[in-house]
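Breakdown of the fold
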Amino acid sequence: MFKALSDPARLRTLIVLASGERNVGELARIEGDRVGTVSARLKVLLQARLVRRRQEGKTAIYAIADAHVLGLVENAVEHACEQH
């Protein structure tokens, strides 16, 4: 899990998902990346059980896996923003 979180791009994806569910196209647009790049990133996050996926027709919708992951992301961002 921490290996998956160690990549800044994957952490950014989780931060975006903290505000709500998104599909790959939306994530790619928000993050300024290619759909294939975002899909690969999501695959790692899925394998680490940090995100969940559900189907809506032909579209896969991604979200933070649960409240524990959301808390972990929020704490990491809060800690990074603290003045030392």
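Structural data are supplied above this passage.
Summarised in this report is the structure supplied together with it. The structure displayed is predicted, hence computed values, not measured ones. Throughout, a residue's number is its position along its own chain's written sequence, starting from 1. Local features are withheld for residues below a pLDDT of 70 in this predicted model, meaning they are given only at 70 or higher, and side-chain atom pairs are given and counted only at 80 or more; totals for whole chains, interfaces and linings count all residues. Hydrogens are left out, water is left out, and the side-chain values use all remaining heavy atoms of the structure.

Think of a salt bridge as a Lys or Arg side-chain nitrogen and an Asp or Glu carboxyl oxygen that are within 4 Å of each other. Counting across every chain of the model gives 5 salt bridges. The partner of D33 in a salt bridge is R41, with the nearest N and O atoms 2.8 Å apart. Judged by its relative accessible area of 28%, D33 is partly exposed. Relative accessible area serves as the criterion here: at 8%, R41 is assigned to the buried category. Taken together, the shared-partner salt bridges connect E21, R52, R54 and E56 into one network. Relative accessibility under 20% of the residue-type maximum defines a buried residue, over 50% an exposed one, and the middle range a partly exposed one, all with a 1.4 Å probe and only protein chains included.

In this section: the nonpolar core. L14, L17, L42, L50 and Y62 are the most contacted members of the largest nonpolar core, which totals 18 residues. Only runs of H or I of at least four residues qualify as helices and only runs of E of at least two qualify as strands under DSSP, and these elements are numbered from the N terminus. Those elements that place two or more of their residues in this core are α1 (2-5), α2 (8-17), α3 (24-31), α4 (35-47), β3 (59-64) and α5 (67-81). The contact definition used throughout considers only heavy atoms, calling two residues in contact when any of these lie within 4.5 Å. In this view, L42 contacts T13, L17, V24, L27, V51 and Y62; residues no more than four positions away in its chain are not counted. Buried Ala, Val, Leu, Ile, Met, Phe, Trp, Tyr and Cys residues that are joined via side-chain atoms within 4.5 Å together make up what is termed a nonpolar core.

This part is about the sheet that holds strand β2 (residues 51-56). Pairing is antiparallel across the open sheet formed by 3 strands, whose spatial order is β1-β3-β2. Whereas interior strands pair on both sides, the edge strands pair on one side only; in this sheet they are β1 (22-23) and β2. Pairing between β1 and β3: 2 bridges, direction antiparallel. Within β3, the position partnered with N23 by the bridge is I61. Here the axes come from fitting lines to C-alpha atoms, over the contacting stretch only for helices, and the angles between their N-to-C directions go from 0 to 180 degrees. The strands that α4 touches are β2 and β3; relative to β2, the one it contacts most, it runs at about 115°. For two strands to pair, DSSP has to find at least two bridges joining them.

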